[in-house]
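Breakdown of the fold
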Amino acid sequence: MERIVEQALLYDFYGELLTEHQKQIYEDFILNDLSLSEIAEERGISRQGVHDLVKRCNKILKDYEEKLHLVEKFLVIRTKVNQIHELVQAKDAVEQEELFGRLEEISNEILEEL
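Residues numbered from 1 in each chain as written. Predicted model: local features only at pLDDT ≥ 70, side-chain atom pairs only at ≥ 80, totals over all residues. Heavy atoms only, no water.

**Describing the overall build of the protein chain**
Within the protein chain, the secondary structure is distributed over 6 helices and 0 strands. For the protein chain, the sequential pattern of α-helices and β-strands runs α-α-α-α-α-α. A globule of 114 residues ought to have a C-alpha radius of gyration of about 13 Å, yet the protein chain, at 20 Å, is considerably larger. The principal-axis extents of the C-alpha atoms in the protein chain amount to approximately 65 × 25 × 20 Å. Looking at the protein chain as a whole, 28% of its 114 residues qualify as buried. (Helix = DSSP H or I, 4+ residues; strand = E, 2+ residues; numbered from the N terminus. Rg over C-alpha atoms; globule rule 2.2 N^0.38 Å. Buried < 20%, exposed > 50% of the residue type's maximum accessible area, 1.4 Å probe, protein only.)

**A closer look at unusual backbone geometry**
Positive phi, normally seen in glycine, also occurs at Asp33, with a value near 55°. Tracing the backbone through its elements, the reader meets Asp33 in the loop between helix 2 (20–31) and helix 3 (36–43). The backbone phi angle of His69 is positive, close to 60°, even though this residue is not glycine. Along the chain, His69 falls in the loop between helix 4 (47–68) and helix 5 (70–89). The exposure class assigned to His69 is partly exposed, which follows from its relative accessible area of 33%.

**Description of the pattern of salt bridges**
Here the structure, examined in full by the defined rule, presents 7 salt bridges. The salt bridge partner of Arg43 is Glu42, with a shortest N-O separation of 4.0 Å. We classify Arg43 as partly exposed; its relative accessible area is 30%. Residue classification places Glu42 among the exposed positions, given a relative accessible area of 52%. Its salt-bridge partner being Glu109, residue Lys80 comes within 2.6 Å of it at the nearest N-O pair. (Salt bridge = Lys/Arg side-chain N within 4 Å of Asp/Glu carboxyl O.)

Keep in mind that these numbers describe shape and distance, not what the molecule does.
Structure (structure tokens):
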């Protein structure tokens, strides 16, 4: 997973668990694509302070993911839903019985993830 996408997903799932200050700086860096220097100037703190805070936030978010696996489950389920979508799109090329069997199999896999 691309690093920026991974950071954005982690923030989407666990960002509310950060302090308001952490959220603002992390959003500026990851989502708003501001540089460390721009954030430091805007917030009145050192560039190193911004760097350390972003690094600490990354660790906090990754620790939550290691414990809860919500992003991992989301990505697996999204893949399964895409498989269902592809099957439905190709419904004319697949026998109805095979289609229903595969749809049931995928839906059971999704239920196991939840």
